[in-house]
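Here is how the chains run, residue by residue.
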Amino acid sequence: RKAAMGRLGFGKLEKIVLSFPKRFWPNDTDLFGVMGDDKVWSEWFDYTELLGVPTLIGFTAGLKAEAIAALTEKEVVATALKELTGVFGEIPDP
């Protein structure tokens, strides 16, 4: 069974949880994606309603997740903030 699961090729999955002092993404969305070969964090989920504070959880997988796993926490946060800034412009610090 383990061998069969290994052949599925799911690979590595990494996530980041960022809470912010205020919301900067649209109120009418629970999920948004960021696409592009140079993008690391491809999916973002809004957990604000569940946690009571403006919070996004970002996901990355495969080779990009492997690269993220080698970074420090500060570097990982910087990659996420860079991508969110590219989408939304100026954003608050988490």
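The rules behind each value
Residues numbered from 1 in each chain as written. Predicted model: local features only at pLDDT ≥ 70, side-chain atom pairs only at ≥ 80, totals over all residues. Heavy atoms only, no water. Pairing = 2+ DSSP bridges. Helix = DSSP H or I, 4+ residues; strand = E, 2+ residues; numbered from the N terminus. Axes fitted to C-alpha atoms, helices over the stretch in contact; angles between N-to-C directions. Contact = heavy atoms within 4.5 Å. Buried < 20%, exposed > 50% of the residue type's maximum accessible area, 1.4 Å probe, protein only. Polar contact = N/O pair within 3.5 Å; in protein donor to acceptor, adjacent residues only side chain to side chain. Salt bridge = Lys/Arg side-chain N within 4 Å of Asp/Glu carboxyl O. Phe/Tyr/Trp six-rings, centres within 6.5 Å; stacked < 30°, edge-to-face > 60°.

A.B. asks: Would you mind going over the sheet that holds strand E4 (residues 55-61) with me for this structure?
C.D. replies: Strands pair in a sheet through their backbones, by hydrogen bonds, and they do so in one of two ways: parallel or antiparallel. Taken together, the 4 strands give an open sheet; going across it, the order is E1-E4-E3-E2, and neighbouring strands pair in antiparallel fashion. The open sheet is flanked by strand E1 (13-19) and strand E2 (31-33), the only strands paired with a single partner. Each neighbouring strand pair of the sheet contributes to a mean axis angle of 20°, computed without reference to strand direction. Where E1 meets E4, 7 bridges bridge the pair, whose relative direction is antiparallel. When the bridges of E4 are listed, Lys-15 appears paired with Phe-59. Those strands touched by helix H3 (residues 62-69) are E1 and E4, and its axis lies near 110° from that of E4. Along the sheet, helix H4 (residues 73-88) makes contact with E1, E2, strand E3 (43-46) and E4, crossing E1 at roughly 70°.

A.B. asks: For this particular structure, what's the right way to read the side chain of Thr-55?
C.D. replies: Considering the arrangement of structural elements, one finds Thr-55 in strand E4. Classification of Thr-55 by relative accessible area gives buried; the value is 0%.

A.B. asks: How do you make sense of the side chain of Thr-48 when you look at a structure like this?
C.D. replies: Looking at the element boundaries, Thr-48 is found in helix H2 (residues 48-51). At 3.2 Å, the side chain of Thr-48 and the backbone nitrogen of Thr-55 are in polar contact. Leaving out residues up to four positions away in the same chain, Thr-48 has contacts with Arg-23, Trp-25, Val-53, Pro-54 and Thr-55.

A.B. asks: Just to check I follow, could you spell out the pattern of salt bridges for this structure?
C.D. replies: Pairing is possible between side chains that carry opposite charge, provided their charged atoms lie close to one another. The final tally for this structure, using the stated rule, is 3 salt bridges. Glu-14 is the salt-bridge partner of Lys-12, the closest N and O atoms lying 3.3 Å from each other.

A.B. asks: Quick question: what am I supposed to make of the packing of aromatic side chains here?
C.D. replies: For any pair of aromatic rings, the description consists of the separation of the ring centres together with the inter-plane angle of the planes. Evaluation of the coordinates by the stated rule reveals 8 aromatic pairs. Between Phe-20 and Trp-25, the ring centres sit 6.1 Å apart and the planes meet at 65°, which makes this aromatic pair edge-to-face. The class for Phe-20 is buried, based on a relative accessible area of 4%. What makes Trp-25 buried here is its relative accessible area of 3%. Ring geometry for Phe-32 against Phe-88: centres 5.3 Å apart, planes inclined by 85°, an arrangement best described as edge-to-face. With a gap of 56 residues between them, Phe-32 in strand E2 and Phe-88 in helix H4 connect regions that are remote in the sequence. Following the ring pairs from residue to residue traces out a cluster consisting of Phe-20, Phe-24, Trp-25, Phe-32, Trp-41, Trp-44 and Phe-88.

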